[in-house]
Amino acid sequence: MIHIFTEYSAEFTTLQGGRVVLPCNLTNPSYDEAISLIMWYKGDSELPVYTLDVRKGTLRTAIHMIGEEYRPRAYFDLFNDPPSLKINPVLKKDSGVYTCRVDSVGHEQHTKHYVTFTPRSDDNGKNLTCRVKNPRSSEIALEDNRKLNVLYKPKLTLTLRNSNGNHRIKEGTCVYLDCRVIANPQIRDLQWKVDGRIVTSNQLTGIEIREQSLKLKNVTRGLEGRYHCTAQNIVGISRSNNISLVILPSPEPVQNCSVENLTLKSMKVVCSPGSRYEETKYHLVAYTTNGQQLLVNSTSFDCPVFIIDHLPADTLLVISIHSSNSQGNSAAVVLEARTLSSVEEDTRETTLLSVPLKITRHSGILVLT
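Residues numbered from 1 in each chain as written. Predicted model: local features only at pLDDT ≥ 70, side-chain atom pairs only at ≥ 80, totals over all residues. Heavy atoms only, no water.

Asks: What should I look at first to understand unusual backbone geometry in this one?
Replies: Trans peptide bonds make up the majority, and among non-glycine residues the majority have a negative phi. Between Asn-88 and the following residue, Pro-89, the backbone shows a cis peptide bond with an omega angle of 5 degrees. Turning to its location among the elements, Pro-89 is positioned in the loop between strand E8 (84–87) and strand E9 (98–104). For the peptide bond that leads from Asn-184 to Pro-185, omega is 5 degrees, which places it in the cis range. Relative to the helices and strands, Pro-185 is located in the loop between strand E16 (175–184) and strand E17 (189–194). The phi angle at Glu-211 is positive, at roughly 50 degrees, despite the residue not being glycine. Mapped onto the fold, Glu-211 is located in the loop between strand E19 (207–210) and strand E20 (213–216). For Glu-211, a relative accessible area of 77% gives the class exposed. (Helix = DSSP H or I, 4+ residues; strand = E, 2+ residues; numbered from the N terminus. Buried < 20%, exposed > 50% of the residue type's maximum accessible area, 1.4 Å probe, protein only.)

Asks: I keep staring at the side chain of Asp-103 and nothing clicks. Help me out?
Replies: Along the polypeptide, Asp-103 turns up in strand E9. Asp-103 gets classed as buried once you look at its relative accessible area, which sits at 4%. Side chain to side chain, Asp-103 and Arg-101 meet in a polar contact 3.0 Å long. (Polar contact = N/O pair within 3.5 Å; in protein donor to acceptor, adjacent residues only side chain to side chain.)

Asks: Help me understand a nonpolar patch on the surface in this model?
Replies: On the surface, Leu-151, Ile-234 and Val-235 cluster together to form a nonpolar patch covering roughly 280 Å² of accessible area. Mapping Val-235 onto the fold places it in the loop between strand E21 (225–232) and strand E22 (237–239). Residue class for Val-235 comes out partly exposed when judged on its relative accessible area of 41%. (Patch = residues over 30% accessible without salt bridge, like charges linked within 9 Å, V, L, I, M, F, W, Y side chains within 5 Å. Areas by Shrake-Rupley, 256 points an atom, 1.4 Å probe, with all protein chains shown as cover. Salt bridge = Lys/Arg side-chain N within 4 Å of Asp/Glu carboxyl O.)

Asks: How do you make sense of the packing of aromatic side chains when you look at a structure like this?
Replies: Given two aromatic rings, one states the distance between the centres and the angle between the planes to describe the pair. Across all of its chains, the model carries two aromatic pairs by this definition. Seen in terms of ring centroids, Trp-40 and Phe-76 are 6.5 Å apart; in terms of plane orientation they differ by 55 degrees. Their pairing is tilted. Placement of Trp-40 in strand E4 (residues 35–42) and of Phe-76 in strand E7 (residues 74–77) is noted, with a sequence separation of 36 residues between them. Residue class for Trp-40 comes out buried when judged on its relative accessible area of 0%. Where Tyr-50 meets Phe-76, the ring centres are 6.4 Å apart and the plane angle is 50 degrees; that geometry is what we call tilted. Residue Tyr-50 is located in strand E5 (residues 50–53), and its partner Phe-76 is located in strand E7; the two are separated by 26 residues in the primary sequence. Judged by relative accessible area, which is 1%, Phe-76 ranks as buried. Among the aromatic residues, those joined into a cluster by ring pairs are Trp-40, Tyr-50 and Phe-76. (Phe/Tyr/Trp six-rings, centres within 6.5 Å; stacked < 30°, edge-to-face > 60°.)

Next up, the structure:
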């Protein structure tokens, strides 16, 4: 939209594709005889966009010379009151400051038109320049500058650091949310919210706020939700985009493991599952106590109960049970159990040594801790 103000205190407004009329004040009552040239300039261009040449005739027989970009859209109407430059249709590129210059036999006359615009936030800090130059003179142009100070409410962008666009976070990891703020004047308040609730620093829950960053330590499912930041200055208050965090639970170790139904060559291992948030598998491996021979490698997709057979008699075994899901493996529980000897089998005596231990896995090697 173009707004044009004239010395007649009139405002002419047009949309792109509309029509605009720019008046040129010809105050000489005998201008039909005195005027030699009428020229319209746009901005600081030294070439007129429209010229009316009266030097070889009268105003009625004057020659109209129109700049290429304005043909055939522009026409200077001498018989309008006041005489005016008409542009129809108006294009976006027509926006600017237009000056009407009138050369007469005894003097020159100038009429200025001012085009206003609505500045955007990215215009802040730019220079607005008004420059005046006589195209017939080699003298340096006169100009004046004003640095724009555009006030606008904050613009906020929320990002998840080092996420590669993935907002599904493994339980127990650290999460960083960054709130990028652009504002003029500076903000006086910034807040974090999750599901509409204000977030504050809390060492017990691992929440830490520093300047424009939010750190969530060792995240749990209790920190899931839609996060955003808000900020305000004297112009107004704004909020950022939302980021929804989904915390993927790590599998928990099995519990209360025991060995039942010991025989000469078999046994039953029974455990209770840890908390299950998604499909979980259970794994059992059994070695000889020196770790040299793998005797059993079994997986259960239902519950942590295993019947293992074809074992050597009267042999002490190390048995490791752990759970797994899409997020990885849990810590393992380790038992030691011995199959019955032939004598014990005959007398149905049972010997069981059960010692719960935690282990870690490294390169496929079972490591007791």
